[in-house]
Amino acid sequence: MTGKVPSFSPSSTLSSALPGYIALCLTLQVHRLVSAQFTVTGPDRPVTVSLGGEAVLPCHLSPRMSAENMEVGWLRSQDSAVVHVYRDGKDQYGEQMPEYQGRTELLKDDITDGKVSLRIHNVQPSDDGHYMCYFHSSVSYEALLELQVADLGFAPVISVVGHQDGGIRVVCRSAGWFPQPEVVWRDLQGQLLPSASEEISPEVNGLFQTEIAIVLTEESNQKVSCFVRNPRLNQERESVIYIAELFFPRGNPWTVALGVILPLLAVLMALANYCFWRQHRVKETLRSDKETEKETLLSEWEGEKEALQSEMERQKAEYEAAKELGLARAQGYAVDVTLDPDTAQPDLILSEDRKLVRYGDKRQDLPDNPERFDKYPVVLGAEGFTGGRRYWEVEVGDKTRWTLGVCRESVSRKGKVTYAPGNGIWVVRLWDGEYEACTSPPTPLPMSVRLSRVGIFLDYEAGEVSFYNVTDRSHLFTFTDTFSGTLHPYFSAGYKAGGTNAAPLIICLVPAQAGGNLGPGQ
């Protein structure tokens, strides 16, 4: 048998394979388009940060891919205003909202894995709310985040206003809260009590202040507590007041007696008109009795006056003794404090032993490291305190401007520095002849003589920073707060205004006290 071998044509084979090749290319292209899809994921719960602290808002791509060549940004979701933008491999600060300038930092260590985070320094009340994180390549994808700002305010202050509706009106006030707090009165058993009035209003710095009143009667609870609660932190502060019975209004026994005496006098006067001559001797006797009673009352009043003066002098002596004891106790915790040159603003000159700082004649060319203050003439102490009790003294001499105290390590060091406990700064200062504690609002400190040496006492666990006039050993002011993190001594030499303000601030050696130095942390 013979057979014919079939012929082979290359062109016919290519024509038959071309449709399959085109289909394969289309399939691969579709696969590439699908693989370019990605999602953006943020935290599944709100990020909560204390006022003045640092907030970190994380975002990442899924699946993992590099975001180095993408545009990455954070916006306020309510108005799409720019918080921070990264584009073309660098941060674009020119598009940033003014209120975030100098306070944001993009954490890019894991950007090749599609992970980035935005850090916001010195968190303010206005930072509270929703944010949108987005990644943009050929298309944009985003995720929503929520930042919750929270801070405990000051301990409530209770004061007695006066009498109202047969009882005593008591008012409880507190300030420095965020967000808007809840405030209630409770009795000894923890039961809620109705308030006479309640007002929660914003302060100029964005925090909230509260005022709630209650009218206490002799029949109702005389010992009550005022609770102010931060619902976001689920923490509260409490103050208690007790009203003694003698302070409650009662019927005046003299009013009752007067109601009896007046009719009796009317009868006596009628009888006197009838028999004046018979009552003449009685009147003389009554007049004598009145003189005797007057002398007796005057003598009793003089005795009470002398007793009151004696009690006032005793209390004054006790106060002076307590004042002296307070400074002596504080000096028992003296520590060696030195200045940190890495934090000093370039206009400041530090001594070699880092115990003296003054405002220089010209600005120094120093590296602008993150720790350095760049605007205000501020330098921090090199020592950081995370607990215990510490005391140091500073000679201010004849300076007309200075600021002393403590601050958080995380305090803002670039641009404007606002003195307030809510910003992590607890200081007192002298500014053009006026002494004040930098509370919010500031508290004036009346002084009869110029301060030449200031003592600063930090009790970390008690949440207190106290200031003393070392010269006359008097107490100036005490901040009460809750501390966290590391605290540093704070020194500001004040802008050089000529004259005596050119004098330096000098950290002094604290003299040994009776009983010895207990040392730090005792």
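Higher on the page you've got the structure.
Summarised in this report is the structure supplied together with it.

Conventions we followed
Residues numbered from 1 in each chain as written. Predicted model: local features only at pLDDT ≥ 70, side-chain atom pairs only at ≥ 80, totals over all residues. Heavy atoms only, no water. Disulfide = S-S within 2.5 Å. Helix = DSSP H or I, 4+ residues; strand = E, 2+ residues; numbered from the N terminus. Buried < 20%, exposed > 50% of the residue type's maximum accessible area, 1.4 Å probe, protein only. Salt bridge = Lys/Arg side-chain N within 4 Å of Asp/Glu carboxyl O. Pairing = 2+ DSSP bridges.

1. Let's talk about the state of the cysteines
Reasoning step 1: Scanning the entire structure with this criterion turns up 2 disulfides.
Reasoning step 2: Each sulfur in the disulfide pair Cys-59 and Cys-133 lies 2.3 Å from the other. Of the two residues, Cys-59 sits in strand β3 (residues 55-62) while Cys-133 sits in strand β9 (residues 129-136), which places them 74 residues apart along the sequence. Of the two residues, Cys-59 and Cys-133, neither departs from the other in class, the shared state being buried.
Reasoning step 3: The side chain of Cys-172 participates in a disulfide bridge whose partner is Cys-226; the two sulfur atoms lie 2.0 Å from each other. Residues Cys-172 and Cys-226 are joined by a disulfide whose S-S torsion is about -80°; by sign, that bridge is left-handed.

2. Regarding the pattern of salt bridges
Reasoning step 1: One pass over the full model with this rule turns up 17 salt bridges.
Reasoning step 2: Arg-232 is the partner of Asp-128 in a salt bridge, and the nearest nitrogen-oxygen pair spans 2.5 Å. Placement of the pair is Asp-128 in the loop between β8 (115-120) and β9 and Arg-232 in the loop between β17 (223-230) and β18 (235-242), with a sequence separation of 104 residues.
Reasoning step 3: Measuring nitrogen to oxygen at the nearest pair gives 2.9 Å for the salt bridge that ties Arg-429 to Glu-436.
Reasoning step 4: Glu-436 gets classed as buried once you look at its relative accessible area, which sits at 16%.
Reasoning step 5: Salt bridges sharing common partners tie together Glu-54, Glu-105 and Arg-119.

3. Looking at the sheet that holds strand β5 (residues 81-87)
Reasoning step 1: Pairing is mixed in the open sheet, where 6 strands are placed in the order β2-β10-β9-β4-β5-β6. Either end of the sheet is taken by a strand with one partner, and the two such strands are β2 (47-50) and β6 (90-91).
Reasoning step 2: Inspection of the sheet shows strand β4 (residues 71-76) paired to β5 by 5 bridges, in the antiparallel sense. If you follow Leu-75 over to β5, its bridge partner there is Val-82.

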